[in-house]
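Residue-level structure breakdown
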Amino acid sequence: MTVTDATDRTAGGTGGDEGRVLELCRQLLDELPPRSTDKVTFLGRQFDLGLAWVHFPEGHGGLGLSPKLQRTVNETLWSAGAPSAGAGNPIGHGMGAPTVVTHGSEAQKQRYLRPLFTNEEIWCQLFSEPGAGSDVAGLSSKAVRDGDEWILNGQKVWTTLAHVSRWGMIVARSDPRQPKHKGLTYFVVDMHAPGVEVRPLFQITGEAEFNEVYFTDVRIPDAERLGDVGEGWRVSLTTLMNERVSIGGQVPRRGSGFIGELTKVWKERRPEGAPGRAEDLDTFMRLWIRAEVLRLTNIRAGQARTQGTPGPEGSIGKLAMAELHKDISSFAVDLLGAEGMIFPDGYPMERPSTTALWRNPQQSFLRSRANSIEGGTTEIMLNILAERVLGLPGDIRVDKDRPWIDVPRS
Ligand SMILES: Cc1cc2nc3c(=O)[nH]c(=O)nc-3n(C[C@H](O)[C@H](O)[C@H](O)COP(=O)(O)OP(=O)(O)OC[C@H]3O[C@@H](n4cnc5c(N)ncnc54)[C@H](O)[C@@H]3O)c2cc1C
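For every chain, the first residue of its written sequence is number 1, and the numbers climb from 1 along that sequence. Residues qualify for local features only when their pLDDT is at least 70, as the model is predicted, and side-chain atom pairs are given and counted only at 80 or more; totals for whole chains, interfaces and linings, by contrast, use all residues. Excluded from the side-chain calculation are hydrogens and water; included are all heavy atoms of the structure.

Scanning the chain from terminus to terminus reveals 13 helices and eight strands. Its C-alpha atoms give the chain a radius of gyration of 22 Å, within 12% of the compact-globule value 22 Å for 410 residues. Projecting the C-alpha coordinates of the chain onto the three principal axes gives extents of approximately 70 × 50 × 45 Å. Within the chain, the fraction of its 410 residues that count as buried is 50%. Considering only contacts in the chain between residues 6 or more positions apart, those separated by 24 or more positions represent 71%. All accessible-area figures derive from a Shrake-Rupley calculation using a 1.4 Å probe, and residue coverage is judged against the displayed protein chains alone. Counting every atom, the chain has about 19,100 Å² of accessible surface; 53% of that belongs to carbon and sulfur. The distance from the centre of the 47 positive side-chain charges to the centre of the 52 negative ones in the chain is 3 Å. Each helix is a run of DSSP H or I of at least 4 residues and each strand a run of E of at least 2, with the numbering of both proceeding from the N terminus. Each radius of gyration is computed over the set of C-alpha atoms, and the globule rule expresses the reference value as 2.2 Å times the number of residues to the power 0.38. Only protein chains enter the accessibility calculation, which uses a 1.4 Å probe; a residue is then buried when its area is under 20% of its type maximum, exposed when over 50%, and partly exposed in between. By definition, residues are in contact when any of their heavy atoms lie within 4.5 Å. By the counting rule applied here, Lys and Arg register as positive and Asp and Glu as negative, while His and the ends of each chain are not counted. Charge coordinates come from a single atom per side chain, which is NZ of Lys, CZ of Arg, CG of Asp or CD of Glu.

What follows is the structure, given as structure tokens:
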């Protein structure tokens, strides 16, 4: 949809809630033309008008409307050249904000949401540990209460964008005598606090998007706890459910995104009329159809979601996206022939300020290997779908009801 379409729909009397958000979009675009306005100012005004997350409450970047209308807002603003808050702060925008709005106090919502949306404060997610990835509830980082503060010790790993983050969502063990899911507490930790050390971890692409993070006697004010003491797992689930949708639930325009990139490679390497292998066309069409089916599935899941927090169906998009991205980028590299073996970026050994999934086929081929690990592995997505959607018998969990402290671990 173009801005003109949006304007026409407003002028033509698109009524109710959709008409209201389109009118607000038009007001924003008139007040602050995106091409001549700096990003922070534009996003700040977008937040104040309730167009950041339309399903959030008024005063917190929303209008209390259906989350479906966010698509209308995004299409309208982006087609006019507006910046995307999620691109600069993917973890804060996709996971931090829904967790804060669901579990945070009024003061926390006021403090965190606006600078998160404007990208003035970047967020990271500190869940995985060397001994706890898929089984994140088994984690060992410890939070011990000391008056109005907590003292945090432990190590996290694979922490995307920790090196540019102001805040981290962290879950730590506050009561080791409880079974693993019950003794956890969730905090927002200041990544600039004394005792926080962030060290880069380089990926197969030569970039360090992620890090290992060490916490040594880090003091967290109790005011930065999200949810009740011992309720950390419940809060974490909000983060994790939103993570899956934020990674796998995207709805790009038809033929854009990964499949759009593959189409460009196809057109360059297989000009119309040039001799080519019939099975290549077959593979290309199969991938295109899978991309379109995923897009439509994600639209349907979004339509079914009347509240903000997604359910286990979010795992479908995450699972399908991971396998699709790997297959698309493998095929793109195949189309390059011998050139596909050369990595055009070199290995920059840099710490980027955001995550890049497709810069060229070779980079994407390497980066997309992580898609079936990050945000929950493909095997874990299959387990969730089997148990929570299909109702099949559960995985064997021998440690579920034992005090965490009594569970043997290496
Ligand atoms: C690019 C990237 C970015 C990441 N960013 C972050 C981040 O910002 N914050 C963060 O907290 N974490 C992050 N992670 C970590 C990610 O969430 C974990 O790597 C993931 O959850 C898997 O955990 P693990 O690596 O410990 O593997 P393990 O849990 O040790 O799994 C090893 C293998 O065993 C399989 N497996 C494990 N349990 C089961 C089971 N019950 N049934 C069947 N198979 C099973 C897994 O599927 C996998 O194949 C990131 C990872 C990557 C690759």
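It is worth spelling out the site of the ligand at this point. A single heavy atom is enough: if one lies within 4 Å of a molecule or strand, its residue is considered near that molecule or strand. The immediate surroundings of the ligand are formed by 19 residues, with Ser134, Trp158, Thr160, Thr377 and Glu379 found nearest. Any pair of nitrogen or oxygen atoms within 3.5 Å is treated as a polar contact; in protein, a donor-acceptor pairing is required on top of that, and neighbouring residues in sequence qualify only through side-chain atoms on both sides. Interatomic distance of 2.7 Å between a backbone N/O atom of Gln125 and a nitrogen atom of the ligand. Within the contact set of the ligand, a nitrogen atom lies 2.7 Å away from a side-chain nitrogen or oxygen of Ser128. The fraction of the free accessible surface of the ligand (980 Å²) that becomes covered by protein chains is 68%.

One finds Phe42, Leu51, Trp53, Leu77 and Trp123 to be the most contacted residues of the largest nonpolar core, which totals 48 residues. Secondary structure elements with two or more residues in this core: helix 2 (16-31), helix 3 (39-48), helix 4 (69-79), helix 6 (90-103), helix 7 (106-117), strand 4 (167-173), strand 5 (184-190) and helix 8 (232-248). In this view, Leu77 contacts Cys25, Leu28, Leu29, Phe42, Gln46 and Ala82; residues no more than four positions away in its chain are not counted. Residues belong to one nonpolar core when they are buried, are Ala, Val, Leu, Ile, Met, Phe, Trp, Tyr or Cys, and are joined through side-chain atoms within 4.5 Å.

Let's shift gears to the pattern of salt bridges. Each reported salt bridge corresponds to a side-chain nitrogen of Lys or Arg within 4 Å of a carboxyl oxygen of Asp or Glu. Counted by the stated rule, this structure contains 30 salt bridges. A salt bridge links Arg111 to Glu121, with the shortest nitrogen-to-oxygen separation between them at 2.9 Å. Of this pair, Arg111 sits in helix 7 while Glu121 sits in the loop between helix 7 and strand 1 (123-126), and the two are ten residues apart along the sequence. Look at Glu121 and you get buried, because its relative accessible area is 12%. Arg145 is the partner of Asp222 in a salt bridge, and the nearest nitrogen-oxygen pair spans 3.2 Å. Placement of the pair is Asp222 in the loop between strand 7 (210-221) and strand 8 (225-226) and Arg145 in strand 2 (residues 142-146), with a sequence separation of 77 residues.

Time to look at the environment of Ile204. Along the chain, Ile204 falls in the loop between strand 6 (196-201) and strand 7. Distance in space between the C-alpha atoms of Ile204 and Ala370 is 9.3 Å, their sequence separation being 166 residues. What Ile204 contacts, discounting residues up to four positions off in sequence, is Tyr347 and Leu366.

This part is about helix 6. For helix 6, spanning 14 residues, the distance from its first C-alpha to its last is 20 Å, which sits close to the expected 20 Å at 1.5 Å a residue. Considering bend angle alone, the principal kink of helix 6 is centred on Gly96 and spans about 40°; proline Pro98 follows within four residues of it. When you tally the buried positions in helix 6, you get eleven out of 14 residues, the bulk of the element. Those residues of helix 6 lying buried are Ile91, Gly92, Gly94, Met95, Gly96, Ala97, Pro98, Thr99, Val100, Val101 and His103. Contact partners of the buried residues in helix 6: helix 7, strand 1, strand 4, strand 5, strand 8 and helix 8. One fewer than the residue count of a helix, multiplied by 1.5 Å, yields its expected span. The bend at a residue is defined as the angle formed between two axes, one fitted to the seven residues ending at that residue and one fitted to the seven starting there.

Attention shifts here to unusual backbone geometry. Glycine aside, the phi torsion of most residues is negative, and most peptide linkages are trans. One non-glycine residue, Asn119, adopts positive backbone phi at about 75°. Along the polypeptide, Asn119 turns up in the loop between helix 7 and strand 1.

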